[in-house]
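Below are the chains, spelled out letter by letter.
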There are 2 protein chains.
Amino acid sequence: MAEQKLTGADALVSTLADNGLDACFANPGTSEMHLVTALDRETRIKSVLCLFEGVATGAADGYARIAGKPAMTLLHLGAGYLNGGANVHNAKRAHTPMINVIGDHAVDHRKYDAPLNSDIIGLAGPNSVWIKSADTVKSTGKLAAEAFAASFGPVSGPVSLILPADSAWEEGGERGGKAQLPQMRQASAELIAEAKEAIGKAKAPVILINGTALTEQGLAAAARLKAAGLRVITDTFYWKMRRGAGVFAPDRMQYFAEGAMSDLEGADLMLVAGTSLPAAFFAYPGKPSLLVPEGCKTMNLGGADTDSAKTLLALADAMGAADIADPMPLRKPDAPKGELNAGAVGASVARHMPENAIVSDDGVSNSLPVFLSTMTAEPHDWMMLTGGAIGQGLPLALGAAVAAPDRKVIALTGDGAGMYTNQALWSMVREGADVTTIVFVNHTYRILNIELHRTGAGNPGPTAKDMLAIGEPDIDWVSLAESMGVEATAVTTAEDFDEAFEKAMKSSGPKLIAAIVPG
Amino acid sequence: MAEQKLTGADALVSTLADNGLDACFANPGTSEMHLVTALDRETRIKSVLCLFEGVATGAADGYARIAGKPAMTLLHLGAGYLNGGANVHNAKRAHTPMINVIGDHAVDHRKYDAPLNSDIIGLAGPNSVWIKSADTVKSTGKLAAEAFAASFGPVSGPVSLILPADSAWEEGGERGGKAQLPQMRQASAELIAEAKEAIGKAKAPVILINGTALTEQGLAAAARLKAAGLRVITDTFYWKMRRGAGVFAPDRMQYFAEGAMSDLEGADLMLVAGTSLPAAFFAYPGKPSLLVPEGCKTMNLGGADTDSAKTLLALADAMGAADIADPMPLRKPDAPKGELNAGAVGASVARHMPENAIVSDDGVSNSLPVFLSTMTAEPHDWMMLTGGAIGQGLPLALGAAVAAPDRKVIALTGDGAGMYTNQALWSMVREGADVTTIVFVNHTYRILNIELHRTGAGNPGPTAKDMLAIGEPDIDWVSLAESMGVEATAVTTAEDFDEAFEKAMKSSGPKLIAAIVPG
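No experiment lies behind these values; they were computed from the predicted model shown.

Caption draft 1: Region of interest: the packing of helix H12 (residues 342-352) of chain A against helix H20 (residues 494-506) of chain A. Residue and element names in this part refer to chain A. Two elements in contact, H12 and H20, have axes separated by 9 Å at closest approach and are oriented at 30°. The angle between H12 and H20 places the two elements in the roughly parallel class. Here H12 runs over H20; the crossing is right-handed. Touching Ala344, Val345, Ser348, Val349, Arg351 and His352 of H12 are Ala494, Phe497, Asp498, Phe501, Glu502 and Met505, all from H20. Of the residues assigned to the contact of H12 with H20, the class counts are seven nonpolar, two polar and three charged.

As structure tokens, then:
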């Protein structure tokens, strides 16, 4: 196609493809029809249809965490963005680059305030690290390149590019060229020297890490720091970490504030790298919000905009830390027996998970035992829910599987969490995604039963109990999965789970195991 | 409980109950635990758990359309609001009063920017007709009363009341008392006289109506206007209309702009009452956005803030229009035979729908035949998707059934639309809601296949075709419904549909019929 015949939609998608973008998670409507046919012509981009926008945004997040570059989403005006908004929130908290292309009414049509009209800049602004509207056909390519770059920083995250229908359909689009990507900041030599000095004076120094520090390189530096006497702790929830046999395993910040505070007792210096000072997930009456022991000094070595792997390396070098790897051994548990619970699931996952698998963790109160047991499993990547908006696990797994079709993906989800975006199962089948989903079926929002007591909200009466229990009716996850074409089984014993999970690991394609566990 | 011991959560819910609010559609999280136990103590409010926030907001919309007063929703911070946001958008377009209570972090906790923190005022502001945050425990009751009143106007719609966790848990809440509700505006006598004069001079005057004009009273006045020579047309999509035998049936604005324009040809005066000038749902290349014939004069008799039923009555009186009722007869079609399609579904619905039923219409391209055939069915209420964000039909039906447990509710949904909020089926079972859901299963976004051609986006290639087809895998709606406890059947012939629908009308409780229709 000759350059001068490009529509705005063509210019937008081709510019993104020129920059290396190759995946689009879409839920289109009438105002996006020209984008749909432009995607048809732009064969470098693979389009994946999602039946709900929360699946599209969650999948784009999972894609980027694994591929290391953003995917685009295709959303239908403000309402489509809202449907995808919670997983955009999660992605912003993971600092995942993502390009949300939000179709809008033609510019001249906006003033009539037709039914689907809304203030998209207003709605989408708060969770976008960059937002603009391509109100002329000429601007489409240029803004696509700008959006691509902006998704990488200064702080990486979701960007929103609004595309009015007329900018999409008119000819006269121009490609925006290759975007200059921003570089992450680096901690200065002065700051590193200051940190080294503070560590030298401290009795019990700790460093809290996230970001690039959780890559293989970053963790190698972290192991050296630990050997030099610095306790290394990760945020409770992080975007992705390399784990398992052969990899250094830092400690993990505890979820509950009281646990975290007792774990940190005695620490007199807290450095943070690639994150910020730790705060409790929620506030509780009479409990502290900031999880820093009294009298503990703090030092910021750079937040999400800073390459924390390089920070750790520079600090280890400055301290003259020995090159000690401290890798986890490969150690697989015995086959679990008896009652099925999260511990038994964890044992099976650790036993059968193949090398280089990817775990998407939205398992809420049942995750921790699986997390702990896999510390000595085959090396793998572990992705977490960073923004607290449950319903991310299945979409994230879908996106990861599209990014890495040769790797096994394991999705952990609570039954409450899984219901938010159950439509992801359909896209898994359509794409032949190699995802094994484990649903912890306990027919309750178990975490809320715990939190009800922790917040001191009083003894629950029948209405309150009803609000936390998702039985009556029990959800039949096998029927639900099969309704969308996913091969599924429900198991109630550790032995049956182990057999079903091993089978899933030895075959390919979407599977679901409903793990019936205590509530 | 003594007044001085009220928590902020108690004050909030009790104030709403004092104002007559009696239903809450909830999806709580940790920050809402004190609201949950306050709802436990406030027995005047019935709480309905929803597994996804889009179900909660859509149900609150359906509830208010039938009950004539707002329900509250209970949402978990900004992310919870986002999940419910599309159906809040739809409710705003229906001008439905709704009180979204959005839990937030404790005020002092916000500054730590914990994972679920977000700019709730920013996110929720655009689709709220009123939004405030109760940042002190003392303000909770007062703001609850203010929120209740604001949901009724000046223009009625969804309001957002943000409740920080500490305002909820602290004692010292005070009830806000009974709110003074705003009155709807009335068209002035001068305006009515002006309208009468313009009608007298016009050859082919039409009046476009929405709002209270669609109640039994409003339609009675509309019938008189028609008898006096004024063509009466409703908006294409409206909040609710009384219809069927014994009720006057106005014309309906066509959905597609070219149809609407050809239908309006010759009109030389367009009055609007309870709405605004008609605009095309979407813009199309080279087609007009405003659906007013060239040279046609327009006159605004008041928008959504004005009591359009009173406008019609005043106009009919001023014109000396005779008191002619022009009711639709009761006429039920014969049993449909042969291939199942939307026309056959419409015949069965018209045959078997009981008196005073409620229809929730999210049937997209398959709705019109059912709409037309029921014009002479038993008298009923018909609720529409007003904001264009599909996925409203099932939640709306759930809310209507909670508002009117003694009335039969019929939900029409496309298969694409139904997937957005399929979790509504679970709440229907839990509540024993008397909803019969008809899913038009054609395995495609059929409307988009039509729109693709209308927008001139070109011939679809394989990727574009894939983006519009939701087969591969086909969704098995019977399994899906049964997974959440709904009795379901799939039918492929008109005879089988008629039998299944008649059976559903003669029994009670949630049912689902998957109507397999051509794509």
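More follows now that the structure is in view.
Caption draft 2: Up close: the sheet that holds strand E6 (residues 158-164) of chain B. All names here are of chain B. What the six strands build is an open sheet, ordered E2-E1-E3-E4-E6-E5; its pairing is parallel. Two strands bound the open sheet, and with one partner strand each, they are strand E2 (46-49) and strand E5 (130-133). Neighbour to neighbour, the strand axes of the sheet diverge by 20° on average, direction disregarded. Pairing of strand E3 (residues 72-76) with strand E4 (residues 98-104), which is carried by five bridges, proceeds in the parallel orientation. Residue Leu75 lies in a different strand from E4, and its bridge partner there is Ile102. Where helix H3 (residues 53-67) meets the sheet, it contacts strand E1 (23-26), E3 and E4, and its direction lies at approximately 160° from that of E1.

Caption draft 3: Spotlight on the UniProt feature "domain: Thiamine pyrophosphate enzyme N-terminal TPP-binding" (unreviewed entry) in chain A. Here, UniProt's "domain: Thiamine pyrophosphate enzyme N-terminal TPP-binding" (unreviewed entry) annotation points to residues 7-111 of chain A. When the span residues 7-111 of chain A is considered, its composition is 50% helix and 19% strand, and the gap between its end C-alpha atoms is 23 Å.

Caption draft 4: Representation of the relation of the copies chain A and chain B in the model. Overlay of chain A on chain B (RMSD 0.0 Å): rotation 180°, translation along the axis 0.0 Å. Between the two chains, the operation in question is that of a two-fold axis. Most of the interface of chain A is mirrored in chain B, where 100% of its interface residues again form contacts.

Caption draft 5: Highlighting the nonpolar core. By size, the foremost hydrophobic cluster in this structure holds 186 residues, and its most contacted members are Phe25(A) and Phe25(B). Beyond its immediate chain neighbours, meaning those up to four positions away, Phe25(B) contacts Val48(B), Cys50(B), Ala56(B), Ala59(B), Ala60(B), Tyr63(B), Ala71(B), Met72(B), Thr73(B), Leu74(B), Gly399(B) and Val402(B). One finds Ala357(B), Val370(B), Ala494(B) and Phe501(B) within the second-largest nonpolar core, a separate group that totals 60 residues.

Caption draft 6: Summary view of the UniProt feature "domain: Thiamine pyrophosphate enzyme TPP-binding" (unreviewed entry) in chain A. Here, UniProt's "domain: Thiamine pyrophosphate enzyme TPP-binding" (unreviewed entry) annotation points to residues 378-514 of chain A. With 45% helix and 20% strand, residues 378-514 of chain A has its two end C-alpha atoms placed 24 Å apart.

Caption draft 7: Molecular detail of the pairing of strand E16 (residues 435-441) of chain B. Residue and element names in this part refer to chain B. With seven of seven residues buried, E16 is to be regarded as a mostly interior element. By the alternation rule, side chains of E16 split into Val435, Thr437, Val439 and Val441 and Thr436, Ile438 and Phe440, which are all buried. Across six bridges, strand E15 (residues 409-414) lies against E16 in parallel orientation. If you follow Ala411 over to E16, its bridge partner there is Thr437. Inspection of the sheet shows E16 paired to strand E18 (residues 511-516) by six bridges, in the parallel sense. Looking at the pairing, Thr436 lines up with Lys511 of E18.

Caption draft 8: The packing of aromatic side chains, seen in detail. Scanning the entire structure with this criterion turns up 21 aromatic pairs over all chains. With a centroid separation of 5.4 Å and an interplanar angle of 55°, the aromatic rings of Phe148(A) and Phe152(A) are classed as tilted. According to the relative accessible area criterion, Phe148(A) is buried, its value standing at 3%. With a centroid separation of 5.9 Å and 75° between ring planes, the pair formed by Phe237(B) and Tyr255(B) is classed as edge-to-face. In this pair, Phe237(B) sits in the loop between strand E8 (231-234) and strand E9 (241-243) while Tyr255(B) sits in the loop between strand E10 (251-252) and helix H10 (257-264), placing the two residues 18 residues apart along the sequence. For Phe237(B), a relative accessible area of 24% translates into the label partly exposed. Overall, the relative accessible area of 23% leaves Tyr255(B) in the partly exposed class. Directly above the ring of Phe371(A) sits Arg252(A), whose terminal nitrogen or CZ lies 4.4 Å from the centroid.

Rules used in this analysis
Residues numbered from 1 in each chain as written. Chains lettered and ligands numbered in written order. Predicted model: local features only at pLDDT ≥ 70, side-chain atom pairs only at ≥ 80, totals over all residues. Heavy atoms only, no water. Axes fitted to C-alpha atoms, helices over the stretch in contact; angles between N-to-C directions. Helix = DSSP H or I, 4+ residues; strand = E, 2+ residues; numbered from the N terminus. Parallel < 35°, antiparallel > 145°, perpendicular 65-115°, else oblique. Left-handed = near helix turned anticlockwise from the far one by under 90°. Contact = heavy atoms within 4.5 Å. Nonpolar A, V, L, I, M, F, W, Y, C, P; charged D, E, K, R; others polar. Pairing = 2+ DSSP bridges. UniProt positions renumbered as here; feature names shortened; annotations may be inferred. Least-squares fit on C-alpha atoms with pLDDT ≥ 70 in both. Core = buried A, V, L, I, M, F, W, Y, C linked by side-chain atoms within 4.5 Å. Buried < 20%, exposed > 50% of the residue type's maximum accessible area, 1.4 Å probe, protein only. Phe/Tyr/Trp six-rings, centres within 6.5 Å; stacked < 30°, edge-to-face > 60°. Lys NZ or Arg CZ within 6 Å of the ring centre and 35° of its normal.

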